[in-house]
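Secondary and tertiary structure notes
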Amino acid sequence: MKTIIWDVDDVLNDLTRAWFEDWLRSSGTGCSLKYDQLACNPPHELLGITHAEFLASLDAFRLSGKARDLPPFPETLDWFARYGNRCHHLALTATPLLAGHVSAEWVMRHFARWIRSFGITPSPRPGWPNDHHAAKSDFLLWWGKGDILVDDSPANVAGALALGMDAVLFPRPWNRSEPSIGEALEELTLKAFGEPPATMR
């Protein structure tokens, strides 16, 4: 039975889109960009704000009820309902430690039927240093049990591949991945089981 490592934000949920749409409504900047035009992450330069301003806004969103109420991606939730009990699962997020409890509660509320482990490689914030694993690959090397990483970050995917793991790049605007979410999850199914399960044929 393989172990799948799941990124949380932008893989299990649509955090950046929800934050961006909320920021557009509240910022008063008149920004004309659409979510699909966020060609880099973090997107602060595209939005004409500083990196610190972006992080502060994102963290405020994470700590609000708006982040807690995010629904899971329907496609991802459907994948778990179909195949989740055939693998072990770990949620591995880069959320800052100040919002780690929000992410953990969200994952357990929506995915506890399948995801029983939760890890953080925290994005550093003032007063909240990251003094253990600077990157997800550092965590995965220490943990030593992962087979497939599902992540929207090309750097995290490259780190997993360098460890000899398999990986699926989850399509988001900033990674320019061409497959749809459904196609990416189909790729995951093939990597996890070697061939399409009977339910996919």
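Figured I'd write up the structure that's included with this text. (Residues numbered from 1 in each chain as written. Predicted model: local features only at pLDDT ≥ 70, side-chain atom pairs only at ≥ 80, totals over all residues. Heavy atoms only, no water.)

**What about the sheet that holds strand β1 (residues 3-6)?**
What counts here: In short, DSSP must find at least two bridges between two strands for them to pair. In DSSP terms, a helix is any run of H or I states spanning at least four residues, a strand is any run of E spanning at least two, and both are numbered starting from the N terminus. Note on definitions: angles span 0 to 180 degrees between N-to-C directions of axes, and those axes are lines fitted to C-alpha atoms, for helices only across the stretch in contact. Residue contacts are counted whenever heavy atoms from the two residues lie within 4.5 Å of one another.
Taking strand neighbours across the sheet as the criterion, the five strands line up as β3-β2-β1-β4-β5 in an open arrangement whose pairing is parallel. Here the strands that pair on one side only, and so sit at the sheet edges, are β3 (117-120) and β5 (166-169). Adjacent strand axes in the sheet meet at a mean angle of 20° when their direction is disregarded. As judged from the four bridges shared by β1 and strand β2 (residues 88-93), these two strands associate in the parallel manner. If you follow T3 over to β2, its bridge partner there is H88. Across the sheet, helix α7 (residues 136-143) touches β1, β2, β3 and β4 (148-151), and the angle it forms with β2 is around 145°. In the packing of helix α8 (residues 154-162) onto the sheet, the strands contacted are β4 and β5, and the crossing angle to β5 comes to about 165°.

**Brief notes about the pattern of salt bridges**
Note the threshold: Throughout this description, the term salt bridge denotes a Lys or Arg side-chain nitrogen within 4 Å of a carboxyl oxygen of Asp or Glu. For every residue, the accessible area obtained with a 1.4 Å probe (protein chains only) is divided by the maximum for its type, and the residue is called buried under 20%, exposed over 50%, and partly exposed between those limits.
Throughout the structure, instances matching the rule amount to 14 salt bridges. Of the charged contacts in the structure, one is a salt bridge between D78 and R82, with a shortest N-O distance of 2.9 Å. On the criterion of helical spacing, the pair formed by D78 and R82 is a turn pair, its members being four residues apart in helix α5 (residues 74-83). We classify D78 as partly exposed; its relative accessible area is 38%. Here K191 makes a salt bridge to D166, at a shortest N to O gap of 3.0 Å. Of this pair, K191 sits in helix α9 (residues 181-193) while D166 sits in strand β5; the two residues are 25 residues apart in sequence, bridging distant segments of the chain. Note on K191: relative accessible area 23%, which makes it partly exposed.

**Quick notes on the side chain of D10**
Along the chain, D10 falls in the loop between β1 and α1 (15-27). Among all residues touching D10, those that are not within four sequence positions of it are L15, T16, R17, F73, D152, F170, R172 and W174.

**A closer look at helix α3 (residues 51-62)**
The following threshold applies: In this scheme, a helix's expected span is set at 1.5 Å multiplied by one less than its residue total. Here, the arc refers to the directions that run from the helix axis to the C-beta atoms.
Taking 1.5 Å as the rise per residue, α3 with 12 residues should run 16 Å; its terminal C-alpha atoms sit 16 Å apart, in good agreement. Here α3 has its buried residues at F54, L55, L58, D59, F61 and R62. Along α3, the residues classed as buried sweep out an arc of 155° about the axis, all on the same side. Contacts made by the buried residues of α3 are with α1, α2 (44-47), α4 (65-68) and α6 (100-111).

**Re the nonpolar core**
Filter applied, for reference: Definition of nonpolar core: a set of buried residues of the types Ala, Val, Leu, Ile, Met, Phe, Trp, Tyr and Cys, connected through side-chain atoms within 4.5 Å.
Among the nonpolar cores identified, the biggest contains 42 residues, and W6, L12, W79 and L188 are the most heavily contacted of them. Looking at this core, the elements with two or more residues in it are β1, α1, α3, α5, α6, β4 and α9. When residues in this core are grouped by element, the largest group, six residues, is from α9. Those residues in contact with W79, other than ones at most four positions away along the chain, are I4, W6, G84, H89, L185, L188, T189 and F193. If you look at the next biggest cluster of nonpolar residues, it comprises 10 residues, including L90, L140, M165 and A167.

**Looking at empty space enclosed by the protein**
Which entries qualify depends on this criterion: Lining residues are defined by having an atom within 4 Å of a point belonging to a cavity or pocket. Those points lie on a 1 Å grid over the protein atoms alone, cavities being sets where a 1.4 Å probe fits but cannot get out and pockets being open sets with protein on both sides within 12 Å along at least five of seven lines. Grid points are joined across faces, edges and corners, and a volume is the space filled by probe spheres set on the points.
Within this structure, the stated rule accounts for one cavity of 30 Å³ or more. Taken as a whole, the largest cavity holds about 100 Å³ of empty space. Taken together, V8, D9, N13, L15, R62, A67, L70, T95, V102, S103 and W106 form the lining of the largest cavity. Of all the elements, α6 adds the most residues to the lining of the largest cavity, at three residues.

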